[in-house]
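Listed here are the chains, written in short residue letters.
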Number of protein chains: 2
Amino acid sequence: MRVSKYLLSTQKETPANAEVISHQLMLRAGMIRRNASGLYSWLPSGLRVLRKVEAIVREEMNNAGAIEILMPLVQPADLWVETGRWEKFGPELLRFQDRHNRDFVLGPTHEEVITDLVRKELSSYKQLPLNLYQVQTKFRDEVRPRFGVMRAREFLMKDAYSFHLDQQTMDETYQSMYTAYSNILSRMGLEFRPVLADTGSIGGSVSHEFHVLANSGEDLIAYSTGSDYAANIEKAESPMPTQTRQAPTQELKLVDTPNAKTIAELVEQFGLAITQTVKTLIVKGAAEDAPLVALVVRGDHELNEIKADKLEAVASPLEFATEAEIRAAIGAGPGSLGPVGLSMPIIIDHSVAVLSDFAAGANQDDKHLFGINWERDLPLATSADIRNVVEGEPTPDHLGTYAMARGIEVGHIFQLGTNYSKSMNATVLDENGKAQVLLMGCYGVGVSRIVAAAIEQNHDDRGIIWPEAIAPFQVGILPMNMHKSHRVAEIAEKLYADLQAKGIEVLMDDRKERPGVMFADMELIGLPHVVVIGDRNIDEGVFEYKNRRTGEKQNIPFDDIIDFLTASN
Amino acid sequence: MRVSKYLLSTQKETPANAEVISHQLMLRAGMIRRNASGLYSWLPSGLRVLRKVEAIVREEMNNAGAIEILMPLVQPADLWVETGRWEKFGPELLRFQDRHNRDFVLGPTHEEVITDLVRKELSSYKQLPLNLYQVQTKFRDEVRPRFGVMRAREFLMKDAYSFHLDQQTMDETYQSMYTAYSNILSRMGLEFRPVLADTGSIGGSVSHEFHVLANSGEDLIAYSTGSDYAANIEKAESPMPTQTRQAPTQELKLVDTPNAKTIAELVEQFGLAITQTVKTLIVKGAAEDAPLVALVVRGDHELNEIKADKLEAVASPLEFATEAEIRAAIGAGPGSLGPVGLSMPIIIDHSVAVLSDFAAGANQDDKHLFGINWERDLPLATSADIRNVVEGEPTPDHLGTYAMARGIEVGHIFQLGTNYSKSMNATVLDENGKAQVLLMGCYGVGVSRIVAAAIEQNHDDRGIIWPEAIAPFQVGILPMNMHKSHRVAEIAEKLYADLQAKGIEVLMDDRKERPGVMFADMELIGLPHVVVIGDRNIDEGVFEYKNRRTGEKQNIPFDDIIDFLTASN
């Protein structure tokens, strides 16, 4: 492709309102343009990357035995009513009526449609297991679309759905998708990590997320230094404390703490060890007679809301009590709460259960209790894992300790069990002629999000650094003054033609631009290999080659360039 | 692909509510399934065809120098307000609000979005001409979706938009799209015809439709027996009469015609030549003082509403007067109308202007006038081309006569002029630094519709007959009793592997089904080449080959089959 015939709309300035680097670089490199909040057009070079990602995803899905279909974006509401998600799904589900006032949605996902399709289509258990996928446009009416195509409203997704009669084939297909997703991201040259994940609102039992690692990632991943164990912080299991609770050594003491509204202030003003303090958080309870529940974690720990949300005693979705509710129930403000004397269900983190001589709020404003001991000052409360894990503590497999990384979720696989098939009555006759409810799995890849994630992981201050497999073009040719130098034009054109003949994708900057502009654009759009040719090089009989990633430069003799670039690809 | 691992959902029965053969066969062959009115899922074998059509379209667009982009389906309403189509477009334009109560549409087309994109993106006239295309999902809320994917609500379309400063490059790009569209349909092995077309509501000047020829086509095409001239009947020009008007030979006579409500009855009952009669149709006028206008065509001709709609005197969109309006204005019913004594503007077809001694209604119920002559009985009215052409009359180029064919419109190219760029102020600075409004062309291919059109043209009573280039698989293998005969299984598996190694797409029916079912399914899904292998063939050392299109059968020795099938592909 010649730049003169292309729509290469690069920009020097960092665009306003683009918070993350991938969004900035995609705008600056002319990959995308915003049509409205969360709606983007893909310009030519952006679309080339998107299509490469799509092609790799498709190949690996086919290799894994999944079969491609295509379902509509517009879905009839009645299917969503069947599963109850018509009511349950928030305003992210865009609902509308057609000209005949019938209800429809713009599909944010396709569990309902595929389950309807399969329950009608399956005639025999012999057709199972079945794994159907599509690469298709989705719409989620995000309240605050942001980060460009990272969290857009309309986006491209690969979603697959598998159907089974037994857990064994469910496990096999799940494993094959795990492998396919690993292959997809490996082939794209991305550093990634599969992590155990919470199944969230989609439901189900087993689930893994696939994260592209990047410092800018929204998700925190806890992984083991000594094994493959890795989990989203939401899901990462805290280790059970190995120490046992010590006998009390301190008296219980009520202390005036007028200037200590936070754990940090308390610790500083009274010289306490933070690990000897606890925080008490009040949330809405699930039981009618327990409108509020107290959750207690160590002062240096953070409550894990996903874990807390799963507690039987706590109402889901988890909601914190307001200050007014807290005052009405306890008579003190949030800065002075503690477990002693609290007349509501208390759930403490496992690490709190082994504390002795610890400090907590006294449930009176501006007062704390020091030297608290379980079973002496208050009954030992029920304990559970309700906190985030922290760096350095042991992983559940005891093969290493937790380390932390940030990631961008680009894939998610789930075992859904019968969550959808049961409500939609998706059954098939088994060998004995008995109707069995199907087991389901679902497997998503954010195709457009991968493009942004790849940039978050691969860039420098000059622009994007594309991994070979998803670069819009493999090679850039920068001819210097080709409009004046006949020699340069001739050699550049020959190289351009020769590389194309070899099936290598080339972008040649044939504009009448200053070299500085051409170099800057080429760095910005991030092609892996750049070949410069000017009059001076011709005298020497060499091309100037520059590797975008390493920055390494070398002179390559005219005759060797094709072999050199073919070998690099 | 093995049928046992595939979702091949064939049906024996012709489905209810599928009116056209392509819709019936796509359902029966398991290519598509209906999700709701006008919404379809593409099952695996259907999607393979769709993707092949898409790939051919993409290749030819790239060959023609068009550049691929991707715009969103969901479009902000404000762009549609700018061009006035927010108001003008009917309920086919699906309008909805997002969670923040902002107006959006599901794009039935993308003139607004692309014009907005280009006006922002173009920095120099040097970037012109520019031809951008996408293969993308569209939505049109059809009042009565029908014929399966032929007229669905959600469908796949290739739409391209070109931008120009001058008519010369506009013409060149238009011609290149004309060629590309011809290449696309030729490569798919489809019989087609490009025809002059009306530009309709999209506006513009020059336009061609590309029709796949099929007896079931909704469109009537008038083409020349002696040249390339061809036009949609809506647009086909009537020849100017070569004869001149003869002098009157009959007296004007008022005749009682109580039983002649139609031209056919009049002609039969009074022994008139139908070519000596005229029909008078009353439509709404455009001028304030002419609420109604009379249109007169010969008794054997049909009014062309598209042509009539363009008359200055007629209100657009064309609307026929009601019987009540006709009675109020004329005092007679629609069966007794004629041009004599009519106090409203009259426009007659050119062929009516050369009549003498003709018959028409008398504007009194149950009475006609015979022997009418222009300039004696009434002034000669303004004449225009307001009728459909008929088979056998000369084409406007005088190189042949009109013949008729039916077609399915699968492509449409337009020169839009400044229709959109003017209202959206899409300009670029020309060489002299002066802002010029861009000229635009637009070019659409109904990707999903082509699949249905191909079937309408290529089928028999046993099923689909796929053209090679868009067949879901090239070769079908039918092993007889492979589950019992080890020899058959071995040879079938080897053939399957060998063909795949050659890059030939194969579907092998490895089900435990009766041969009759397997043969019927294979005919129904319409793969071009079928290879049968059974124990008897093995004894003879041959495969039984059958060509789906010709029905021709031959025995091919084991060693020759790969060469034979490779040569057939």
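Just above sits the structure.
Now for a description of the structure that goes with this document. Computed from a prediction, not measured in an experiment: that's the story for all the values here.

## A look at the overall build of chain A
Step number 1: When you go through chain A residue by residue, the secondary structure sums to 16 helices and 30 strands.
Step number 2: If you line up chain A on its principal axes, its C-alpha atoms span 95 × 70 × 50 Å.
Step number 3: For chain A, with 569 residues in total, the buried portion stands at 58%.
Step number 4: Partitioning the intrachain contacts of chain A with sequence separation of at least 6 by distance along the chain shows that 68% fall at a separation of at least 24.
Step number 5: When the accessible surface of chain A is totalled, it reaches about 23,400 Å², and 49% of it is carbon and sulfur.
Step number 6: Chain A carries 57 positive and 79 negative side-chain charges, and their two centres are separated by 6 Å.

## Focus: the packing of helix α13 (residues 486-501) of chain B against helix α16 (residues 561-568) of chain B
Residues and elements named next belong to chain B.
Step number 1: At a minimum axis distance of 11 Å, the contact between α13 and α16 shows a crossing angle of 45°. If you check the angle between α13 and α16, you find them oblique. The hand of the α13/α16 crossing is right-handed. Side by side, α13 and α16 meet where L495, D498 and L499 of the first sit next to I561, I562 and L565 of the second.

## Focus on unusual backbone geometry
Step number 1: Omega for the peptide link from A:L128 to A:P129 comes to -5°, which places this bond in the cis form.
Step number 2: Structurally, A:P129 can be placed in the loop between α5 (111-121) and β7 (130-139).
Step number 3: Not every positive phi belongs to a glycine, and A:D357 is a case in point at roughly 50°.
Step number 4: You can see A:D357 is positioned in the loop between α10 (350-353) and β17 (358-361).
Step number 5: A positive phi angle, near 60°, is found at B:N481, a position not held by glycine.
Step number 6: The topology assignment puts B:N481 in the loop between β26 (475-479) and α13.
Step number 7: By relative accessible area, which is 47% here, B:N481 ends up partly exposed.

## What to know about the sheet that holds strand β4 (residues 74-76) of chain A
Residue and element names in this part refer to chain A.
Step number 1: Overall, antiparallel pairing links the three strands, which are arranged β4-β6-β5 in an open sheet. Since the sheet does not close on itself, it has two edges, and those belong to β4 and β5 (94-97), each with one partner. For this sheet, the mean inter-axis angle between neighbouring strands, taken without regard to orientation, is 35°.
Step number 2: Note: β5 against strand β6 (residues 103-106), four bridges, orientation antiparallel. Across the sheet, residue L94 finds its bridge partner in β6, namely L106.

## Some thoughts on α13(B)
All names here are of chain B.
Step number 1: With 16 residues, α13 extends 22 Å between its outermost C-alpha atoms, agreeing within 8% with the 22 Å of an ideal straight helix rising 1.5 Å per residue.
Step number 2: Within α13 the residues assigned to the buried category are V488, A489, A492, L495, Y496 and L499. Down the axis, α13 shows its buried residues gathered within 135° of arc, on one side only. Exposed positions of α13 whose direction lies more than 90 degrees from the buried face are H486, E490, K494 and A501.
Step number 3: Buried positions along α13 lie against β26, β27 (506-508), β28 (529-533), α15 (535-540), β29 (542-547) and α16.
Step number 4: Two residues or fewer after α13 comes G503, characterised by a positive phi angle close to 80°.

## Some points on the pairing of β17(A)
All names here are of chain A.
Step number 1: With three bridges joining them, β17 and strand β18 (residues 367-372) adopt antiparallel strand pairing. For F358, the partnering residue across the bridge sits in β18 and is I372.
Step number 2: Here β17 hands over to β18 after five residues, with N363 in that stretch at a positive phi of 60°.

## Observations regarding the interface of chain B and chain A
Step number 1: With 51 residues of chain B at the contact, the number on the chain A side is 51 residues.
Step number 2: Summing both partners gives a buried area of about 4,500 Å² for chain B against chain A, and 60% of it is carried by carbon and sulfur.
Step number 3: Counting the surface chain B buries against chain A, the share from its top three residues, B:L70, B:R99 and B:E121, is 15%.
Step number 4: Here chain B is connected to chain A by eight salt bridges.
Step number 5: Residue A:R33 pairs with B:E121 through a salt bridge whose shortest N-O separation is 2.9 Å.
Step number 6: The interface formed by chain B and chain A includes 20 residue pairs in polar contact (both at pLDDT 80 or more).
Step number 7: With five residues, the top contributor of residues to the side of chain B that touches chain A is helix α2 (residues 44-63) of chain B.
Step number 8: Counted by class, the side of chain B that touches chain A contains 30 nonpolar, seven polar and 14 charged residues.

Each value, and the rule that gives it
- All residue numbers refer to position in the chain's written sequence, counted from 1.
- Lettering for chains starts from A, numbering for ligands starts from 1, and both go in the order in which the items are written.
- Only residues with pLDDT of 70 or above have their local features reported here, since the model is predicted, and side-chain atom pairs are shown and tallied only from 80 upward, although totals for entire chains, interfaces and linings are computed over all residues.
- To get the side-chain values, all heavy atoms of the structure are used, and hydrogens and water are removed first.
- The numbering of helices and of strands both runs from the N terminus, where a helix is a DSSP run of H or I of at least 4 residues and a strand a run of E of at least 2.
- Burial classes follow relative accessibility: with a 1.4 Å probe on protein chains only, a residue under 20% of its type's maximum area counts as buried, one over 50% as exposed, and anything between as partly exposed.
- Note on contacts: a residue pair is in contact if any heavy atoms of the two residues lie within 4.5 Å.
- Here, Shrake-Rupley sampling with a 1.4 Å probe gives the accessible areas, and only protein chains in the shown set may cover a residue.
- Asp and Glu count as negative and Lys and Arg as positive, but His and the ends of the chain are not part of the count.
- Taken as the charge centre is NZ of Lys, CZ of Arg, CG of Asp or CD of Glu, depending on the residue.
- Here, axes are lines fitted to C-alpha atoms. For helices the fit covers the stretch in contact, and angles between N-to-C directions go from 0 to 180 degrees.
- Should an angle fall under 35 degrees it is taken as roughly parallel, and over 145 as roughly antiparallel, whereas 65 to 115 is taken as roughly perpendicular and any remaining angle as oblique.
- By convention, the crossing between two helices is left-handed when the near helix turns anticlockwise from the far helix through less than a right angle, and right-handed when the turn is clockwise.
- DSSP calls a pair of strands paired once it identifies at least 2 bridges connecting them.
- A helix is expected to span 1.5 Å for every residue after the first.
- Note that the arc is defined by the directions from the helix axis to the C-beta atoms.
- When two components associate, each loses some accessible surface as probed by a 1.4 Å sphere; the sum of these losses over both components is called the buried area.
- What makes a salt bridge here is a side-chain nitrogen of Lys or Arg within 4 Å of a carboxyl oxygen of Asp or Glu, nothing more.
- Nitrogen and oxygen atoms within 3.5 Å of one another constitute a polar contact, given that in protein one can donate a hydrogen and the other can accept it, and given that sequence-neighbouring residues count only through two side-chain atoms.
- Three classes are used: nonpolar for Ala, Val, Leu, Ile, Met, Phe, Trp, Tyr, Cys and Pro, charged for Asp, Glu, Lys and Arg, and polar for all others, with Gly counted as polar.

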